[in-house]
Amino acid sequence: MKSAPIVVIGGGVIGTSIAYHLARRNLRVILLERGDLAAGSSGACDGLVFLQSKKPGIHLELAMQSRRRFEELARRLPVPFEFKATGGMVLIETESELAAMEQFVQAQQQIGLDVALLDAARLRRLEPHLSEHLLGATHSPMDGQVNPMALTLGFALGARAMGARLITGGPVRGIEITGGRVSAVITGAGRIETEVVVNAAGAHAPDIGSMVGLVIPIKPRRGQIIVTEACPRMIRHCMISAKYIAAKFNPEIARGNGEGISIEQTENGNFLLGSTREFVGYDRRTTTGGLRTIAAQTGAILPALARTNVIRSFAGLRPYTPDGLPILGPVAEVPGFIMAAGHEGDGIALSPVTGELIAQLIATGKSDIALDAFQLSRFKNANHTTEAAHG
Ligand SMILES: Cc1cc2nc3c(=O)[nH]c(=O)nc-3n(C[C@H](O)[C@H](O)[C@H](O)COP(=O)(O)OP(=O)(O)OC[C@H]3O[C@@H](n4cnc5c(N)ncnc54)[C@H](O)[C@@H]3O)c2cc1C
């Protein structure tokens, strides 16, 4: 039988970041991952660290706090995770997108984001390979990109070097409650006594929640990605389309207008072209329809892609929540149970600040950014028992 004061469930970018930040505070932690590190969404995604895609308010504030930590992490983590402050662009194709982005940018500027609207001529000077039909773009020098698998591995190995124990290759099967609070985690290999369990199981966080009778309203939202062969540098910024912002925040607007795309050229030169947003349960397959849509839309924006070979495709499951914000912090009904999941399409960008805030909370009982807006209890009926909610 093993024991540790804290057990983190999930070896994605969120669980490993939490383990890393706990270990930095000299707290003893065991991380449990059912497959391998980055086996979930963190190993099947883009690596955009985008601020411009966040709604002004608490979400953008969280993202800005997270972004500030990447330079230091690039120096500290034992794995080079290809962080580049490339700057990012939101590409505008129609007059209605232009009007929407003008407003979005103003709201972002008001809370201190360094972002500006570029007209078509300036856009073309910065990115000459983009299609001539684009009306302009918003640009922020603060956006960047990373290699998400390397970041996850960096957090994990950094945590291990400071004493964290990482156990992969077996799922958590149950959580014991004694005297009303968390007391142990059950795995195939035995029982681990603990006082604190962190649920960082991404799209599978509801399974972990149901082990303590909670209903967690996270759903898998599939995203498909095309990977091309490595090419000479064709774009300098990471990019999303204004449609992507519509698709993210208002699926109704997006429906008639496509999914919205992202284009990123990795350090190696490969393009990652994404991505769909689909509710298809836990199905991680790619589809010809999804891949065709991505190819057509990214090809229209960057015509040179037509001469580039595709080498593979994959799909990941974003941990979606109904209001687009992650679920972070303690759950009053189950003392010792802490939520850290539901980052949807932003988990890579938000991983540094999430790890730091959850570690602060466990170590001191409070966090620099109040987690009130992120509580599970914000979802009405969400913290009923599983049976009651299903009934
Ligand atoms: C197509 C696509 C593109 C994306 N692009 C971006 C982007 O550009 N920028 C960005 O910031 N974010 C992006 N995201 C979102 C990002 O990938 C996620 O928000 C992030 O990876 C979530 O991390 P996580 O650690 O919460 O979940 P995961 O990485 O899924 O980790 C959860 C882990 O828990 C494990 N687990 C589950 N059940 C159990 C159990 N019973 N016992 C033990 N372990 C268990 C799983 O195996 C998994 O490894 C994208 C996602 C997709 C799908």
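Residues numbered from 1 in each chain as written. Predicted model: local features only at pLDDT ≥ 70, side-chain atom pairs only at ≥ 80, totals over all residues.

Notes on the overall build of the chain
- Each helix and strand in the chain was counted, giving 12 helices and 20 strands.
- The principal-axis extent of the C-alpha atoms belonging to the chain is close to 65 × 45 × 40 Å.
- In the chain, buried positions account for 50% of the 391 residues.
- Pairs at least 24 apart in sequence give 73% of the contacts found in the chain among residues at least 6 apart. (Helix = DSSP H or I, 4+ residues; strand = E, 2+ residues; numbered from the N terminus. Buried ≥ 20, exposed ≤ 12 C-beta atoms within 10 Å, placed from the backbone. Contact = placed C-beta atoms within 7 Å.)

Comments concerning the site of the ligand
- The immediate surroundings of the ligand are formed by 44 residues, with Gly12, Gly40, Gly202, Gly223 and Gly347 found nearest.
- Among the secondary structure elements, those contributing two or more residues to the shell around the ligand are helix H1 (13–24), strand S3 (29–33), strand S14 (219–230), strand S18 (310–320) and helix H11 (347–364).
- Sort the elements by how many residues they give to the shell around the ligand and S18 lands first, with 4 residues.
- Of the residues in the shell around the ligand, the class split is 19 nonpolar, 18 polar and 7 charged.
- Of the domains in this structure, domain 1 (2–43 + 149–218 + 323–390) and domain 2 (88–141 + 219–320) are the two that each give at least three residues to the shell around the ligand. (Near = placed C-beta within 6 Å. Nonpolar A, V, L, I, M, F, W, Y, C, P; charged D, E, K, R; others polar. Domains from an automatic or database assignment.)

Concerning the packing of H1 against helix H6 (residues 148–161)
- Where H1 meets H6, the axes come as close as 8 Å, and the angle between the chain directions of the two elements is 30°. Put simply, H1 runs roughly parallel to H6. Taken as a pair, H1 and H6 cross one another with a handedness that is left-handed. Note on element contacts: H6 touches H1 through Pro148, Leu151, Thr152, Phe155, Ala156, Gly158 and Ala159, opposite Val13, Thr16, Ser17, Ala19, Tyr20 and Ala23.
- Across the contact of H1 with H6, the residue classes tally to 9 nonpolar, 4 polar and no charged. (Axes fitted to C-alpha atoms, helices over the stretch in contact; angles between N-to-C directions. Parallel < 35°, antiparallel > 145°, perpendicular 65-115°, else oblique. Left-handed = near helix turned anticlockwise from the far one by under 90°.)

Here we look at the domain arrangement of the chain
- Taken domain by domain, the chain comprises domain 1 (2–43 + 149–218 + 323–390) and domain 2 (88–141 + 219–320).
- Listed per partner, the contact involves 11 residues of domain 1 and 10 residues of domain 2.

Points about the sheet that holds strand S2 (residues 6–9)
- Spatial ordering of the open sheet is given by S9-S3-S2-S13-S20-S19, a layout of 6 strands whose pairing is mixed. With one partner strand each, in any of the chains shown, strand S9 (165–168) and strand S19 (327–330) form the two edges of the open sheet. Ignoring strand direction, the axes of neighbouring strands in this sheet form an average angle of 20°.
- Together, S2, S3, strand S13 (196–199) and strand S20 (337–341) form the strand contacts of H1, whose direction differs from that of S3 by roughly 170°. (Pairing = 2+ DSSP bridges.)

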